[in-house]
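Each chain is listed here by its residues.
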Amino acid sequence: MFDDDDYPAYTMGRAAEMLGTTPGFLRSLDEAELITPQRSEGGHRRYSRYQLRLAARARELVDQGTALDAACRIIILEDQLQEALRLNQPQNPS
């Protein structure tokens, strides 16, 4: 399960520490609907490695002066492009 990029392995505090940001920044990404963390039974946010990569990219863009809403839109478009490229890769015959 820890090899799964979508497994919600990280608490908000640990995620913020790993990214060098604040829990408030992570909450703002949730409010902007860039990432929607899963919730533990106690209601605490839990983040996956995939979500942390998106959050790290958002922090990079915001640190460069991009507004948060614009950064989120850029990241969504980048993610959609990567998925389209992955889907359109020629399949290797076995």
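Per chain, residue numbering runs from 1 following the sequence as it is written. Thresholds applied to this predicted model are a pLDDT of at least 70 for local features of residues and 80 or more for the giving and counting of side-chain atom pairs; totals over whole chains, interfaces and linings are not thresholded and use all residues. Side-chain descriptors were evaluated using all non-hydrogen atoms of the structure, hydrogens and water having been removed beforehand.

Trainee: Is there a simple way to think about the packing of helix H1 (residues 12-19) against helix H3 (residues 49-63) in this case?
Mentor: To describe two helices that pack against each other, one gives the angle between their axes and the distance between the axes. Running from amino to carboxyl end, H1 crosses H3 at an angle of 45 degrees, the nearest separation of the two axes being 10 Å. It follows from the interaxial angle that H1 and H3 lie oblique. Here H1 and H3 pass one another in a crossing that is right-handed. Counted together, Ala 15, Met 18 and Leu 19 of H1 and Leu 52, Ala 55, Ala 56 and Arg 59 of H3 form the full contact between these two elements. Interaxial angles span 0 to 180 degrees and are taken between N-to-C directions of axes, which are lines fitted to C-alpha atoms, for helices over the stretch in contact. Each helix is a run of DSSP H or I of at least 4 residues and each strand a run of E of at least 2, with the numbering of both proceeding from the N terminus. Each angle is binned into one of four classes, with values under 35 degrees roughly parallel, values over 145 roughly antiparallel, values of 65 to 115 roughly perpendicular, and all other values oblique. For any pair of crossing helices, the crossing counts as left-handed if the nearer helix is rotated counterclockwise from the farther one by less than a right angle, and right-handed if it is rotated clockwise. Residue contacts are counted whenever heavy atoms from the two residues lie within 4.5 Å of one another.

Trainee: Explanation requested: the pattern of salt bridges in the structure shown.
Mentor: Any two side chains of opposite charge can pair if their charged atoms end up close together. Salt bridges are defined as contacts in which a side-chain nitrogen from Lys or Arg sits within 4 Å of a carboxyl oxygen from Asp or Glu. Across all of its chains, the model carries 8 salt bridges by this definition. We note a salt bridge from Arg 49 to Asp 5, for which the minimum N-O separation is 3.1 Å. Taken as a pair, Arg 49 in helix H3 and Asp 5 in the segment before strand S1 (10-11) lie far apart in primary sequence, 44 residues in all. Think of it in three bands: with a 1.4 Å probe and only protein chains considered, a residue is buried below 20% of the maximum accessible area for its type, exposed above 50%, and partly exposed in between. Residue class for Arg 49 comes out partly exposed when judged on its relative accessible area of 29%. The exposure class of Asp 5 is partly exposed, given its relative accessible area of 29%. Its salt-bridge partner being Arg 86, residue Glu 83 comes within 2.6 Å of it at the nearest N-O pair.

Trainee: Please clarify how the sheet that holds strand S3 (residues 45-47) should be interpreted in this entry.
Mentor: Across a sheet, paired strands are connected by hydrogen bonds in the backbone, their directions being either parallel or antiparallel. Across the sheet, which stays open at both edges, the 3 strands sit in the order S1-S3-S2 with antiparallel pairing between neighbours. Two strands close off the open sheet at either side, each with one partner strand: S1 and strand S2 (38-39). Strand pairing is assigned whenever DSSP identifies at least 2 bridges connecting the two strands.

Trainee: Looking at this model, I keep getting lost on unusual backbone geometry. Mind explaining?
Mentor: Across residues other than glycine, the phi torsion is negative in most instances, and most of the peptide bonds are trans. Phi is positive for Glu 33, which is not a glycine, with a value near 65 degrees. Among the secondary structure elements, Glu 33 is positioned in the loop between helix H2 (23-31) and S2.

Trainee: In this structure, what is going on with the nonpolar core? I would like to understand it.
Mentor: Looking at soluble globular proteins, one finds that nonpolar side chains tend to be buried together. Think of a nonpolar core as a cluster: buried Ala, Val, Leu, Ile, Met, Phe, Trp, Tyr and Cys residues, connected wherever their side-chain atoms sit within 4.5 Å. One finds Leu 26, Leu 29, Leu 34, Ile 35 and Tyr 47 to be the most contacted residues of the largest nonpolar core, which totals 18 residues. A per-element tally of this core places H3 first, with 5 residues. Every residue in contact with Leu 34, bar those within four places of it in the chain, is listed here: Leu 29, Leu 54, Ala 58, Cys 72, Ile 75 and Ile 76.

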